[in-house]
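Coordinate analysis (summary)
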Amino acid sequence: MVSYSLSENAYLKIFFHAAKHPHLPVNGVLLGRRASDVVVIEDVIPLLHHWTSLSPMMEIGLDLAKGYAEAQEMALVGYYQASERLDDTALAPVGERVAQKIRDQFNDAVAFVIDGDKLGTGDPALLPYLPQPSTSFWRPCIAPSPAFTTGSIFLLDKADSPMRAISLVRDHNLHEKFGDFDDHLEDSQTSSLLTTMTIATAFKGTLVHCPTLGQLEVLEDHILLVDHQGFISYVGPAGSEASKEFLARINTPITTIPSGSFLLPTFCDLHLHAPQFLFQGTGLHLPLMQWLDEYAFKSEESLDNRPELAKAVYVRLAERLRDAGTGAVLLFGTINTTANLILAEAMQTIGIRALVGKLSMDISSRPSYVESSALSSIHSAEEFIDGCRDLVSSYEPHRRLVEPVITPRFVPTCSDELLRGLGKLACDKGVRIQSHLAEAHEVVQWVLSERHKDDIDVFDNFDLLTEKTVQAHCTFLDTDMLSRMAGSCSAVAHCPLSNSYFSEKPFPLREALDLGVPVGLGTDIAGGYSIDIMNSMRQAVAISRIRDGTRKLSGDGRSLAIDWKDALYLATRGGATALGLSCGVFQADAPFDAQCIELYKESDKGVGALDFFEPQSGITLGVLEKWWCIGDERNRRGIWIQGQRLDVKNGPERA
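Residues numbered from 1 in each chain as written. Predicted model: local features only at pLDDT ≥ 70, side-chain atom pairs only at ≥ 80, totals over all residues. Heavy atoms only, no water.

Looking only at helices and strands, one finds 19 helices and 26 strands in the protein chain. Principal-axis analysis of the C-alpha atoms gives the protein chain an extent of 80 × 65 × 55 Å. Considering only residue pairs separated by 6 or more positions, the protein chain has 72% of its internal contacts joining residues 24 or more positions apart. Counting only carbon and sulfur atoms, one obtains 50% of the accessible surface of the protein chain, whose full area is about 25,900 Å². Each charge class in the protein chain can be summarised by its mean position, and for the 58 positive and 85 negative side chains these summaries are 3 Å apart. (Helix = DSSP H or I, 4+ residues; strand = E, 2+ residues; numbered from the N terminus. Contact = heavy atoms within 4.5 Å. Areas by Shrake-Rupley, 256 points an atom, 1.4 Å probe, with all protein chains shown as cover. Lys, Arg positive; Asp, Glu negative; His and termini not counted. Charge placed at Lys NZ, Arg CZ, Asp CG, Glu CD.)

Structure, rendered in structure tokens:
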């Protein structure tokens, strides 16, 4: 295992940087080289002390730091940051992104978060973060020996460096003379050059998003800038001094959003069976297990046996998702690795973020559609994970839109041996997990009869109920079970339409949200017949209102309803959070995944199903609710994923 040695020079600079700006977010990069099994961190370059989420400055600072390191025959080997709050030791999203960018060039990269509460106490006050295997996620390093103590893989070259730093700050005020890259940005010529070089797209107009549950923001007359990697660099009111400064400097044409239109984050679909798109809208008169036998298994098997049909179905599916405004989707595939790679390639090519799951099932009612053994199924799942990652390995990291997912179909089709192996594989490979949980009464009873426990216990026992898990349906979970979901940070894909067909109970959505369970929406093609998440939003609200009506009749005083704004959050930011994605919101460093929605062309001429009989001005909550209720594809004028426009419809004009 590699270890890390931090020189006194590097430590002092980190300390000075944080001490000079104690209530501001600061960050910088680590310079060094690897010697045998030790990464020697010899120096640091302090970057920013205020705009840590301003990507254009960050990217140029990184480029300059890289050039300097190479000139000194070193490399960028890591990243450090301190947060605005002294007690905040989380690696910020921008920090994770920078650290991963460094890791792409130096595999043993490390990140340090400064513990503000401990800084100046004599403790090194550095919390190390390391990347999770085969992923872009970074987590605190958990080891038997705390960092910078005997037995740790993290060492200070000089053990008394923290005390020396305290003395140099307290007695000599050396931190006051310390400068970073931010200090040079007052040079307007330099700042202008940096901005011009890094802004790829600029928008001006109204933005609508839901940063948190229950919060809908209509940001009128705002500027949004996107960098060349497709990340949002800046969001702010057009009339602000910062926006005026940016607009004066960039050469990029400004795309103006008309007054009757707005930008909205793309939708997230947390549950969709890709091969079942083949028979979407048929067979819904049957109970679940019979429907699986007569429709689902047959369609999946046919696509496994006919690659050309699989390609046609999956390309069309990707196009339909794009047209419906869905930018991210969690997909169930089939049991065949080749067919699932065709699915992954279709999504990557069209430009949809897709988490693709190769089904694992060593038990089936259909003899011709089942994997031969648990061992064979586990091997096939691992083969798909590697193949899916290879499929996108030639793309730059920010352009890799597809990732593999461990996918046991549900407990009745998976032996204990298979589930145990999949839990271990998910941990070893660092991949997400999806399945079906407590979906229908007959399934719940079958599991109790055959396994003598609830299926939530089965998943939990085999390490398949984690912060990377999304479970579909969950209609038969009681309050204690929902609390377990919240405790494990496992998410729920709420599929209101298919629940109406195949479950005897509605999902307790309000209760789940109140308990802190991450929830997003799923179309559940083909158990649900509509691929449009807008219909899932409407159905979620309608079912919650029916549940609340029953509650009122029973005399319970706590509302079970959600409103349209809650549903819009679930379809955007809520779904993205459940998938571990940073999209779904308009803020610096989030991917620019957006759709342009047009409500009216002139003051009273509605688009699509929208009719207005009085002149309209701007985007109000009233017209947003009208669109939410009756809008459709005709209102969608453009869609972007990671800054790339996907469609050919007429969009807003550039200035």
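Moving on from the coordinates now.
Below, the discussion takes up helix 19 (residues 621-630). Every buried residue belonging to helix 19 is among Val623, Leu624, Trp627 and Trp628, and all of these are buried. Seen along its axis, helix 19 keeps its buried residues to an arc of 145 degrees; they face one direction. (Buried < 20%, exposed > 50% of the residue type's maximum accessible area, 1.4 Å probe, protein only. Arc of directions from axis to C-beta.)

Before going further, it helps to spend a moment on the side chain of histidine 222. Tracing the backbone shows histidine 222 in strand 10 (residues 217-227). Polar contacts involving the side chain of histidine 222 include one to the main-chain carbonyl oxygen of glutamate 220, which spans 2.9 Å. Excluding its chain neighbours within four sequence positions, the residues that come into contact with histidine 222 are Phe203, Lys204, Gly205, Leu207, Val235, Gly236, Pro237 and Ala238. (Polar contact = N/O pair within 3.5 Å; in protein donor to acceptor, adjacent residues only side chain to side chain.)

All right, on to the pairing of strand 19 (residues 469-473) then. For strand 19, the buried fraction is high: five of the five residues fall into the buried class. As paired elements, strand 18 (residues 432-437) and strand 19 share five bridges and run parallel to each other. Along strand 19, the bridge assignment pairs histidine 436 with alanine 472. Pairing geometry for strand 19 and strand 20 (residues 491-494), over three bridges, is parallel. Looking across to strand 20, one finds that glutamine 471 is bridged to valine 492. Following the backbone out of strand 19, through helix 14 (residues 479-488) and into the adjacent parallel strand 20, one traces a crossover that is right-handed. (Pairing = 2+ DSSP bridges. Right-handed = clockwise from strand over helix to strand, strands pointing away.)

Scanning the entire structure with this criterion turns up 34 salt bridges. Between aspartate 227 and arginine 97 there is a salt bridge, and its shortest N-O distance comes to 3.3 Å. With aspartate 227 in strand 10 and arginine 97 in helix 3 (residues 93-105), the pair connects residues that are 130 residues apart, well separated along the chain. For the residue pair aspartate 227 and arginine 97, the accessibility class agrees, reading buried in each case. Between aspartate 548 and arginine 551 there is a salt bridge, and its shortest N-O distance comes to 2.7 Å. Taken together, the positions of aspartate 548 and arginine 551, both in helix 17 (residues 533-554) and three residues apart, correspond to about one turn of that helix. One exposure class covers both aspartate 548 and arginine 551, and it is buried. (Salt bridge = Lys/Arg side-chain N within 4 Å of Asp/Glu carboxyl O.)

Time to look at the packing of helix 17 against helix 19. Helix 19 packs onto helix 17 with a crossing angle of 100 degrees between their chain directions and a minimal axis gap of 8 Å. When the axes of helix 17 and helix 19 are compared, the pair comes out roughly perpendicular. Between helix 17 and helix 19, the contacting residues are Met534, Met537, Arg538 and Val541 on the first element and Trp627, Trp628, Cys629 and Ile630 on the second. Class assignment of the residues belonging to the contact of helix 17 with helix 19 gives a composition of seven nonpolar, no polar and one charged. (Axes fitted to C-alpha atoms, helices over the stretch in contact; angles between N-to-C directions. Parallel < 35°, antiparallel > 145°, perpendicular 65-115°, else oblique. Nonpolar A, V, L, I, M, F, W, Y, C, P; charged D, E, K, R; others polar.)

Function cannot be inferred from these measures alone, as they are strictly geometric.
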